[in-house]
Amino acid sequence: GEDVEQSLFLSVREGDSSVINCTYTDSSSTYLYWYKQEPGAGLQLLTYIFSNMDMKQDQRLTVLLNKKDKHLSLRIADTQTGDSAIYFCAESMAGGYNKLIFGAGTRLAVHP
Amino acid sequence: GAVVSQHPSWVICKSGTSVKIECRSLDFQATTMFWYRQFPKQSLMLMATSNEGSKATYEQGVEKDKFLINHASLTLSTLTVTSAHPEDSSFYICSAHRGGQGNQPQHFGDGTRLSIL
């Protein structure tokens, strides 16, 4: 079956790098996404990666995909207080027109 | 680009009332829209997939007569919670997918917080 798992909480010091990890079970997943949710708001797409890629970098964000281990990570460089939010990993079998399977979300707390 | 607007953002109403939530794609045509429900401190649970011009596909355990979905145009889908009760109180979020481009991601609205008294 489809399952996505994330650690629930991460605390980092401002200026450090944050690494949020995610594992998924379905090897047929083709797209993997990272979304950010601030309190009381919807989801903001941060980045996504296709399953034939190993890495994608976008400014402070780096996504690493280990397809063999079904492991996805999101690294945020120079973490700021504004990065404090819940980060959701999600997978899709066939792109954005298909349903997303979400992890439980990782709450990132950034402290001075 | 890829802006999704959801309205209203917050609703408080009495038990037994029906509530309609709108989801609009503002700058693109969305052939597929999705409705999710999120309980406090939990992840998103897909309720249904809505395709323009056809009936919605509901996930297992979601009552289609309770949660009416209409996707009448390429830019608008509505979710109506009929005869709402306190257990329907939740955060409802919609997302939209730009038609014709399978590798494009879903874009989410800001959600609607529904509180039933």
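All figures in this text were calculated on a predicted structure; none of them were measured in a lab. (Residues numbered from 1 in each chain as written. Chains lettered and ligands numbered in written order. Predicted model: local features only at pLDDT ≥ 70, side-chain atom pairs only at ≥ 80, totals over all residues. Heavy atoms only, no water.)

1. Focus on the overall build of chain A
Consideration 1: For chain A, the helix and strand inventory stands at zero helices and 11 strands.
Consideration 2: For chain A, the α and β elements follow one another from N to C terminus as β-β-β-β-β-β-β-β-β-β-β.
Consideration 3: Computed over the C-alpha atoms, the radius of gyration of chain A is 13 Å, within 12% of the 13 Å expected from 2.2 N^0.38 for a compact globule of 112 residues.
Consideration 4: Out of the 112 residues in chain A, the part that is buried amounts to 45%.
Consideration 5: Taking the contacts inside chain A whose residues are at least 6 apart along the sequence as the reference set, 57% of them involve residues at least 24 apart.
Consideration 6: Surface exposure of chain A reaches about 5300 Å², of which carbon and sulfur atoms provide 49%. (Helix = DSSP H or I, 4+ residues; strand = E, 2+ residues; numbered from the N terminus. Rg over C-alpha atoms; globule rule 2.2 N^0.38 Å. Buried < 20%, exposed > 50% of the residue type's maximum accessible area, 1.4 Å probe, protein only. Contact = heavy atoms within 4.5 Å. Areas by Shrake-Rupley, 256 points an atom, 1.4 Å probe, with all protein chains shown as cover.)

2. Concerning the pattern of salt bridges
Consideration 1: Scanning the entire structure with this criterion turns up six salt bridges over all chains.
Consideration 2: Linking K68 of chain A and D69 of chain A is a salt bridge whose minimum nitrogen-to-oxygen distance equals 3.6 Å.
Consideration 3: Here D69 of chain A falls in the partly exposed class, since its relative accessible area comes to 47%.
Consideration 4: Residues D88 of chain B and K66 of chain B are paired through a salt bridge, measuring 2.8 Å at the closest nitrogen-oxygen approach. With D88 of chain B in the loop between β8 (76–81) and β9 (90–98) and K66 of chain B in the loop between β6 (57–58) and β7 (67–73), this residue pair connects regions lying 22 residues apart in the sequence. Like D88 of chain B, the residue K66 of chain B is buried in the burial classification. (Salt bridge = Lys/Arg side-chain N within 4 Å of Asp/Glu carboxyl O.)

3. Looking at the sheet that holds strand β1 (residues 4–7) of chain B
Residue and element names in this part refer to chain B.
Consideration 1: One open sheet holds the four strands; their spatial order is β1-β3-β8-β7, and the pairing between them is antiparallel. Edge positions in the open sheet fall to β1 and β7, since each of these has one partner strand only. The average angle at which neighbouring strand axes cross in this sheet is 15 degrees, direction not considered. (Pairing = 2+ DSSP bridges. Axes fitted to C-alpha atoms, helices over the stretch in contact; angles between N-to-C directions.)

4. A look at the interface of chain B and chain A
Consideration 1: The partner chain A presents 22 residues to the 24 residues of chain B that form the contact.
Consideration 2: Contact between chain B and chain A buries roughly 1600 Å² in total, counting both sides, with carbon and sulfur atoms accounting for 57%.
Consideration 3: Joining chain B to chain A, the criterion identifies one salt bridge.
Consideration 4: Among the salt bridges present, the one from E59 of chain B reaches K99 of chain A, with a minimum N-O distance of 3.1 Å.
Consideration 5: Where chain B touches chain A, the interface holds five residue pairs in polar contact (both at pLDDT 80 or more). (Buried area = accessible area lost by both parts, 1.4 Å probe. Polar contact = N/O pair within 3.5 Å; in protein donor to acceptor, adjacent residues only side chain to side chain.)

None of the figures reported here should be taken as evidence of function without further support.
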